[in-house]
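Descriptive structure summary
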Amino acid sequence: MKILITTQIDGVGHVINLARFGVILKRRRHEVIFAHRKFYRSIVEKCSLDFLELDENAFGEVGPKIHTELINLVGKYSFLQPVRAIESLLNDGFFEPSFLSFFVPKAVLMSDTALREALQKVPNYDLLVIDQSNFKLPVLLEENIPHVDIYPSNPLVLHERGFPWGGFSENTSSESSKVFKQMLDKVMKAISGSIKHFYLKSDGECGHQFHLKPKYLGFYHYPESLDYHNLKPALDNYERIDSLVIDADDGNGFCFPEKLQDKPGKLIFFSIGTIASGCGDTMNDILEVLAASPNRFIVTMGGNTTSDYQPDKYDNLWLCDFVDQLAVLKQVDLIIFHGGNNTMMEALYFGVPMIIVPQFLDQLDNAQRVEDKKIGRRMFRWEFDAAKLLDMIEDVLLDEQIHKNVAEMSSSMRSSRSADRAVDLIEEFHSKLCDNGQVKKSSL
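Reference entry: report on the structure contained in this document. Keep in mind the model is a prediction, meaning the values are calculated, not measured. (Residues numbered from 1 in each chain as written. Predicted model: local features only at pLDDT ≥ 70, side-chain atom pairs only at ≥ 80, totals over all residues. Heavy atoms only, no water.)

**Examining empty space enclosed by the protein**
Summed over the entire model, instances satisfying the criterion amount to one cavity of 30 Å³ or more. In this structure, the largest cavity spans a volume of roughly 90 Å³. Forming the walls of the largest cavity are 14 residues, and the residues nearest its centre are T6, T7, Q8, S111 and A114. Of all the secondary structure elements, the ones that give two or more residues to the lining of the largest cavity are β1 (2–7) and α5 (97–121). (1 Å grid on protein atoms, 1.4 Å probe; cavity = no way out; pocket = protein on both sides within 12 Å on 5 of 7 lines; lining within 4 Å. Points joined across faces, edges and corners; volume = space filled by probe spheres on them. Helix = DSSP H or I, 4+ residues; strand = E, 2+ residues; numbered from the N terminus.)

Here you go:
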């Protein structure tokens, strides 16, 4: 098959995840073309995939504006417990039409325009693979496009009985979780209303709003031993992939920073994502805490300028914009991060215990899952305390049960054949569509 891959979400972790899936497809002798903006070319080509560069005008200034707005939101609201955060967002008018008219519709339109361009430039594709946000792009509903959805985040939201995005445990029945879910439903209706016009049919009916269920076939990336087995199974047509991490040594590796070589203590990787790293006051406060630890830290700033954070001020911290994350994970004793799904899967694959300091949405769920499964610890922003974090670091480094659990999960992920099984299902799905005459090329 000729398979076109792209991401609906403009983010490094999402591109890396889909590129790895592309590698697995290519190993099965499928032709893979990854379409995205120029910024991601090096990531994709490092995976030996063909890269199709999309017109940067399709993305325009919307991406940077949304990025800036997200930094402001995280800086202001991530210190609040989930129910209070939504209350504050409502009181501040975040979900009013005047704000949503910029934030959500333009983000959907940006991704939809980019996908239409990719489909036009590769008219003879056989299958599209795309990561799935909470709103399916209009072109996928207008056209009979054979496609496979990859859900890139914590899968709790895919379980009907779950309480996603609030940092609640799997079997919670607390009153706060119920209140949060009710408020979240109202929020999602408001967001759906802001993009309703994208999905209006010719008869005036709305064909689509909030959407998670795949039309054909979907996959989510989460290890079996971490999944939510006590809840109702995930939405129909979703299958789990235990691991998409590819341990490929390209010879570049990671050059250990000279600054840390002769320093005492364990080696710890700190990375809380591009959005949170852009919150200057938050980052400076955290750096001061880490500087008081007896351990050594590799700190990645997610592309934010390291000079803004006085990199030479701290003897035990080495600050960098970006780093070869897989190479670093092979050398560290602990990772402290924001709870992004891609980083979490990589850390587990390499058997690295973790502390999660989540910011928003599914990061909160991953943080609680780590705590519940005893593979690390979590510290929500509203309970952040310098002394508590320093104690937590030492506790995780010394906790034998956490190390044992992480090692077992790593072994399970490495031995899993679920990624190959996913390709089997994709091939079976496409073959069935062909046999039934259901596959039609896009008319774009």
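**Thoughts on the packing of helix α4 (residues 82–91) against helix α7 (residues 175–194)**
Put simply, α4 and α7 touch, their axes get as near as 9 Å, and they point 30° apart. The orientation of α4 with respect to α7, classified from their angle, is roughly parallel. Handedness of the α4/α7 crossing: left-handed. In this structure, α4 uses P82, V83, I86, E87 and L90 to contact α7, whose residues at the interface are S176, V179, F180, M183, L184 and V187. Among the residues forming the contact of α4 with α7, the class breakdown is nine nonpolar, one polar and one charged. (Axes fitted to C-alpha atoms, helices over the stretch in contact; angles between N-to-C directions. Parallel < 35°, antiparallel > 145°, perpendicular 65-115°, else oblique. Left-handed = near helix turned anticlockwise from the far one by under 90°. Contact = heavy atoms within 4.5 Å. Nonpolar A, V, L, I, M, F, W, Y, C, P; charged D, E, K, R; others polar.)

**A word on the sheet that holds strand β11 (residues 334–337)**
Read from one edge of the open sheet, six strands run β10-β9-β8-β11-β12-β13, paired in parallel fashion. The open sheet is flanked by β10 (317–320) and β13 (376–378), the only strands paired with a single partner. Averaged over all pairs of adjacent strands, the angle between strand axes in this sheet comes to 15°, irrespective of strand direction. (Pairing = 2+ DSSP bridges.)

**Observations concerning the pairing of strand β3 (residues 50–53)**
As judged from the four bridges shared by strand β2 (residues 31–36) and β3, these two strands associate in the parallel manner. In the sheet register, I33 faces β3, and the bridge partner there is D50. Where the polypeptide runs from β2 across helix α2 (residues 41–46) and back to β3, its parallel neighbour, the crossover connection is right-handed. (Right-handed = clockwise from strand over helix to strand, strands pointing away.)

**Things to note about the sheet that holds strand β4 (residues 127–131)**
Sheet architecture is open: seven strands sit in the order β3-β2-β1-β4-β5-β6-β7, paired in parallel fashion. The open sheet has two edge strands, β3 and β7 (238–241), and neither has a second partner. Averaged over all adjacent pairs, the angle separating strand axes in this sheet is 25°, with direction ignored. As paired strands, β1 and β4 are joined by five bridges and run parallel to one another.

**Comments concerning the packing of helix α12 (residues 341–349) against helix α15 (residues 400–415)**
Between α12 and α15, whose axes approach to 7 Å, the crossing angle comes to 100°. Compared by their axis directions, α12 and α15 come out roughly perpendicular. Between α12, through M345, L348 and Y349, and α15, the contact on the second element is made entirely by V406, M409, S410, M413 and R414.

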